[in-house]
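This is what each chain is made of:
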Amino acid sequence: MNSNTHQAFLEQYKEIHEPFVRYCSSRAYGILSTEDLVQEAVLAALKGFDQLTEPRKLLSYMIGTVNNLLRNRRRRAHRQGEWDEQLLQKLESQTPDPDIALDIHYLLKAMDQLADRQKEALLLFEISGFSIREISELQYSSETATKTRIHRARQRLKELMGERRPKTSLSSAMASFRAILL
């Protein structure tokens, strides 16, 4: 890989760095550190940058890389119960109110039950701050499909969280989670 490729990659990555890190932070929470996930994804994207037919699709490529890295990490995890306990301890240490920590814990557990594209769209919109149009481009779908995907994800989360903790508000849990990540 030559220095021109490195420079081209860095120029494109600079524009997407902040929202990409927020996305990684929301996906990596409780699994591995955000920094490790970002570094692995950046390294993989840099290695594959020459093969990208459309370099402007770098963010889509990197989000797919993050999703694959996390999927592989979860497959290798030996005990799911240990992960849950570590996540709850991390939440409690970062959140002064144990009720908020529990709300976020339920939110993350519920989000794991969403379809991948719904979860991705919701995180990109709510946590990373992407617009509907940007998300539709990233997911290669129409804006209407993206709006529907986000709406259905929210509805499903409300159902799932209502089963576990009726007092939990989805919007307050999402806002608390976003505050921890930022």
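The structure we're discussing is the one just above.
Residues numbered from 1 in each chain as written. Predicted model: local features only at pLDDT ≥ 70, side-chain atom pairs only at ≥ 80, totals over all residues. Heavy atoms only, no water.

Student: Before we go on, may I ask you to explain helix α2 (residues 34–48) in this structure?
Tutor: Since the α-helix advances by 3.6 residues per turn, residues separated by three or four positions end up pointing in the same direction. With 15 residues, α2 ought to run about 21 Å at 1.5 Å a step, and its terminal C-alpha atoms sit 21 Å apart, in line with that. Here α2 has its buried residues at T34, L37, V38, A41, A45, L46 and G48. Along the axis of α2, the buried residues cluster in a sector spanning 170 degrees; they form a single face. Exposed positions of α2 whose direction lies more than 90 degrees from the buried face are E35, Q39 and K47. (Helix = DSSP H or I, 4+ residues; strand = E, 2+ residues; numbered from the N terminus. Expected span 1.5 Å × (residues − 1). Buried < 20%, exposed > 50% of the residue type's maximum accessible area, 1.4 Å probe, protein only. Arc of directions from axis to C-beta.)

Student: Is there a simple way to explain unusual backbone geometry in this structure?
Tutor: Peptide bonds are trans in most cases, and residues, glycine excluded, mostly fall at negative phi. Here Y140, not a glycine, exhibits a phi torsion of approximately 55 degrees, which is positive. For Y140, the position within the fold is in the loop between α7 (132–138) and α8 (143–164).

Student: Is there a simple way to think about the packing of aromatic side chains in this case?
Tutor: Given two aromatic rings, one states the distance between the centres and the angle between the planes to describe the pair. For the structure on display, the rule yields 3 aromatic pairs. For the ring pair F9 and Y13, a centre distance of 5.9 Å and an interplane angle of 5 degrees mean the geometry is stacked. Of this pair, F9 and Y13 both sit in helix α1 (residues 3–28), 4 residues apart, roughly one helical turn. According to the relative accessible area criterion, F9 is buried, its value standing at 1%. Centroid distance Y13 to F20: 6.2 Å. Interplanar angle 80 degrees. Geometry classified as edge-to-face. (Phe/Tyr/Trp six-rings, centres within 6.5 Å; stacked < 30°, edge-to-face > 60°.)

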